[in-house]
Amino acid sequence: MNRLAIDFGSSETKIYMPGCGVVLVEATCVAVQEFTKDGEKQLSVKAYGNKARALAGRAAVNTHIINPVFEGDIVHENLAICLLEHFLEKVEITRRKLKRTEIMFILPCGCKAELKEKYKKIADELGICSVYFTITPFAAVLGHNVAVSESTPVFCLDIGYGITNIAAFSQDGLISGINVNLGGGNIDVHLIDDFAENHNIKIGALTAERIKNTVGSLLPDDNKMTVVEGREVSSGAPASIAVSSSQVYEIIITYVDKILEYVSLVMSKLPAEVSSGVMRGGIFLSGGLIKTDGIAQYIESKLKISVNLPEEPQLAAVIGAGAILSNDELFDRLASE
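Reference entry: report on the structure contained in this document. (Residues numbered from 1 in each chain as written. Predicted model: local features only at pLDDT ≥ 70, side-chain atom pairs only at ≥ 80, totals over all residues. Heavy atoms only, no water.)

1. Observations concerning the environment of Leu4
So, point 1. Along the chain, Leu4 turns up in strand β1 (residues 2-8).
So, point 2. Note on Leu4: relative accessible area 0%, which makes it buried.
So, point 3. Along the chain, Leu4 and Met104 lie 100 residues apart, while their C-alpha atoms are 6.3 Å from each other.
So, point 4. The residues contacting Leu4, other than those within four sequence positions of it, are Ile15, Tyr16, Met17, Leu88, Ile93, Thr101, Glu102, Ile103, Met104 and Leu325. (Helix = DSSP H or I, 4+ residues; strand = E, 2+ residues; numbered from the N terminus. Buried < 20%, exposed > 50% of the residue type's maximum accessible area, 1.4 Å probe, protein only. Contact = heavy atoms within 4.5 Å.)

Laid out in structure tokens, this is it:
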């Protein structure tokens, strides 16, 4: 019997295989070509994953780059099925092997029952043997390689691309938690708008993401710099501009502060005993945005509570889900059907 943990994220899909570790990290997107046949419009898949993302902003007019997952929700079920099948084949789990494969999907904290049903439908279409679920905060904290007990509460802040998970829990279950539609994707969109409005230069989504990842920082004196290429909004002519960390600081901090407002709200509603336990243990951070320079220090100073960082924040949830699959006791407590 094969076992896999899958984090089907808004930006990236990660797959973990017990005994092998993380075996796939690829963009959650599909390049779809539109064409006319017998007078009817039809679609065909041109590329998957990283190859599809590489076409963003460069594809022909009849090619569309589509993300099947938006803000944690599956919005294109048919494309999600095609994309997952492609990813599974890349890790040598064919349709035939899926009949002997158990998969654990990672869901946002507080997600609606409809989302779980979408995953079950996808699993049925692919012929997956058994499907289980866990939620991001549980998995992300276990991705820190931390033992979670029944009596000691932990607090998780996972900032992804399209969604942020905030939760306090113990091995006995969720104490309090929410997900909010804020993340790294909001920063990318804001960067695109800001460069058009204030710098007269039009940039694409891939460029905005590169700016965020290369010069984005919450260290006040950071002076990293990169050159950005695009086109002038007014004339359409090619253009380039030097961008420094200080220029994107306010944009990043705007969204981080919004997220921390929700963190404070969840913390304020915790029972006193839980709150004191969280203060002792600190906040466990995860998610792609946590890689931003200075963000951990900023969160610590803003909330006045210590923070815990995993080696690879963007992989913490899928690694933790893999730990659940590998431990029968954790599986019984933290997995659901």
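2. Regarding the packing of aromatic side chains
So, point 1. Under the defined criterion, the tally for this structure stands at 5 aromatic pairs.
So, point 2. Relative to Phe169, the ring of Phe138 has its centre 4.5 Å away and its plane inclined at 55°; by these criteria the two rings are tilted. You can see Phe138 sitting in helix α5 (residues 136-142) and its partner Phe169 sitting in strand β12 (residues 164-170), a full 31 residues away along the chain. Taken individually, Phe138 and Phe169 each receive the classification buried, so the pair is uniform in this respect.
So, point 3. Aromatic ring contacts, followed pair by pair, group Phe105, Tyr119 and Phe133 into a single cluster.
So, point 4. Over the ring of Phe331 we find Arg3, and its NZ or CZ is 4.9 Å from the ring centre. (Phe/Tyr/Trp six-rings, centres within 6.5 Å; stacked < 30°, edge-to-face > 60°. Lys NZ or Arg CZ within 6 Å of the ring centre and 35° of its normal.)

3. Observations concerning the pattern of salt bridges
So, point 1. Considering all chains together, one arrives at 10 salt bridges under this definition.
So, point 2. Residue Arg3 pairs with Glu102 through a salt bridge whose shortest N-O separation is 2.7 Å. Here Glu102 lies in strand β9 (residues 101-107) and Arg3 lies in strand β1, a separation of 99 residues in the sequence.
So, point 3. Overall, the relative accessible area of 12% leaves Glu102 in the buried class.
So, point 4. Notably, a salt bridge pairs Lys118 with Asp73, separated by 3.1 Å at the nearest N-O pair. Of this pair, Lys118 sits in helix α4 (residues 113-126) while Asp73 is found in strand β8 (residues 73-74), placing the two residues 45 residues apart along the sequence. (Salt bridge = Lys/Arg side-chain N within 4 Å of Asp/Glu carboxyl O.)

4. Topic: a positive patch on the surface
So, point 1. A contiguous patch of positive charge, built from Arg96, Lys97, Lys99 and Arg100, is present on the exposed surface.
So, point 2. For Lys97, the position within the fold is in helix α3 (residues 95-98). (Patch = residues over 30% accessible without salt bridge, like charges linked within 9 Å, V, L, I, M, F, W, Y side chains within 5 Å. Areas by Shrake-Rupley, 256 points an atom, 1.4 Å probe, with all protein chains shown as cover. Lys, Arg positive; Asp, Glu negative; His and termini not counted. Charge placed at Lys NZ, Arg CZ, Asp CG, Glu CD.)

5. Points about the sheet that holds strand β10 (residues 130-135)
So, point 1. With respect to topology, 5 strands assemble into an open sheet ordered β3-β2-β1-β9-β10, the strand pairing being mixed. Single-partner strands in this sheet number two, and they are β3 (21-27) and β10. Between one strand axis and the next, the sheet turns by 20° as a mean value, whatever way the strands run.
So, point 2. Relative to β3, strand β2 (residues 12-17) runs antiparallel, the two being bridged by 6 bridges. Across the sheet, residue Thr13 finds its bridge partner in β3, namely Glu26. (Pairing = 2+ DSSP bridges. Axes fitted to C-alpha atoms, helices over the stretch in contact; angles between N-to-C directions.)

6. As for helix α8 (residues 245-268)
So, point 1. A rise of 1.5 Å per residue sets the reference length of α8, with its 24 residues, at 34 Å; its end C-alpha atoms lie 33 Å apart and thus fit the reference within 8%.
So, point 2. At Ile251, α8 shows its strongest bend, of approximately 25°. (Expected span 1.5 Å × (residues − 1). Bend = angle between axes of the 7 residues up to and from the residue.)

7. Focus: the sheet that holds strand β4 (residues 30-37)
As a general point, the strands of a sheet are linked pairwise by backbone hydrogen bonds and lie either parallel or antiparallel.
So, point 1. Here we have 3 strands laid out as an open sheet, ordered β5-β4-β6, and antiparallel in their pairing. Only two strands of the sheet have a single neighbouring strand rather than two, namely β5 (40-48) and β6 (63-66). With direction set aside, neighbouring strand axes in the sheet form an average angle of 30°.
So, point 2. In terms of strand pairing, β4 meets β5 through 8 bridges, oriented antiparallel.

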